[in-house]
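Tertiary structure, described
This is what each chain is made of:
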Amino acid sequence: MPPSPDWLLTPRARLAAAVVAAAGIAALLLQAGVTYGFVAAQGRGPAAALWLLAGFFTVLTNLAIAVAMVGIARGFWPFGRWRPASALAALTLYIAVVGLVYHVALARLWAPTGIAWLADQGLHTLVPILMILFWALFAPKHGLGLRDALVWLAYPLGYCAYALLRGAATGWYPYPFIDAGALGLGHVLANAAALTTGFFALGLGLVGLARLVSRPSTPRL
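So, here's what we can say about the structure. (Residues numbered from 1 in each chain as written. Predicted model: local features only at pLDDT ≥ 70, side-chain atom pairs only at ≥ 80, totals over all residues. Heavy atoms only, no water.)

1. What about the overall build of the chain?
Tallying secondary structure elements over the chain gives nine helices and zero strands in all. In sequence order, the chain lays out its α and β elements as α-α-α-α-α-α-α-α-α. On C-alpha atoms alone, the chain measures out to a radius of gyration of 18 Å, which is about the 17 Å that the 2.2 N^0.38 rule sets for 221 residues. Looking at the chain residue by residue over its 221 residues, the buried ones come to 43%. For the chain, contacts bridging at least 24 residues in sequence account for 75% of all contacts bridging at least 6. (Helix = DSSP H or I, 4+ residues; strand = E, 2+ residues; numbered from the N terminus. Rg over C-alpha atoms; globule rule 2.2 N^0.38 Å. Buried < 20%, exposed > 50% of the residue type's maximum accessible area, 1.4 Å probe, protein only. Contact = heavy atoms within 4.5 Å.)

Structure, rendered in structure tokens:
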């Protein structure tokens, strides 16, 4: 088990992490149930539901946050050598983009109801808000710089490559702006470049904000 930074041992940080973890796990379980119901209606089983869920940036990002928050709630750091300041800022960036893109570009494309609506709002609204608050109030922020903002691009770029390869093999793309079948590869690559630029700009903003509020050491809360 990796050594625990001092800030992870503070009761308030651990309690806050538990709240974020609970929200994320609940939303993921609800979404898993909705997805299983969808594939079961087509005569497919749990493996098909998991495969479908694994295609979404939203689900993968919420899952990573749940892992991080469960670890923190239990008093240990689950991501090994990845610095908590950089990792938590990265997760905050990713989930903020999830919420932003969903509410600006995707929410109008469908109108879920009941449990599907609860799962949808949990993944795209509640967890982003809670994670942003956790980062603002509890996460260490010292030492972030341009290199971090560049490293943070690896995940969205890797996801884009994964989604395109998966789509080419199956004919299914999880988001309309990366649907190479409908838009053509050139248009999709332009969209990917725009999203990457947005990730980088927001990452730089997060680094700037962290530098503005960070202190030489993170105090106990």
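Picking up after the structure, the text goes on.
2. Some thoughts on the pattern of salt bridges
Side chains carrying opposite charge are able to pair once their charged atoms draw close together. Overall, the coordinates contain one salt bridge when judged by the stated rule. For arginine 83, the salt bridge goes to aspartate 148, with nearest N and O atoms at 2.7 Å. Here arginine 83 is found in the loop between α3 (57–73) and α4 (84–106), whereas its partner aspartate 148 is found in helix α6 (residues 146–151), with 65 residues between them in sequence. For arginine 83, a relative accessible area of 35% corresponds to the partly exposed category. Given the relative accessible area of 7%, aspartate 148 is considered buried. (Salt bridge = Lys/Arg side-chain N within 4 Å of Asp/Glu carboxyl O.)

3. Some remarks on the packing of aromatic side chains
The full count for this structure, using the stated rule, is twelve aromatic pairs. Between phenylalanine 56 and tryptophan 172 the ring centres are 5.4 Å apart and the planes differ by 75°, which places this aromatic pair in the edge-to-face class. Of this pair, phenylalanine 56 sits in the loop between α2 (46–53) and α3 while tryptophan 172 sits in the loop between α7 (154–170) and α8 (180–183), and the two are 116 residues apart along the sequence. Three or more aromatic residues joined by ring pairs form one cluster here, namely Phe57, Tyr94, Tyr155, Tyr159, Tyr162 and Phe199. In this structure, lysine 141 packs its charged tip against the face of tryptophan 135, placed 5.0 Å from the ring centre. For arginine 166, the ring lying beneath its charged end belongs to tryptophan 51, and the centroid distance is 3.6 Å. (Phe/Tyr/Trp six-rings, centres within 6.5 Å; stacked < 30°, edge-to-face > 60°. Lys NZ or Arg CZ within 6 Å of the ring centre and 35° of its normal.)

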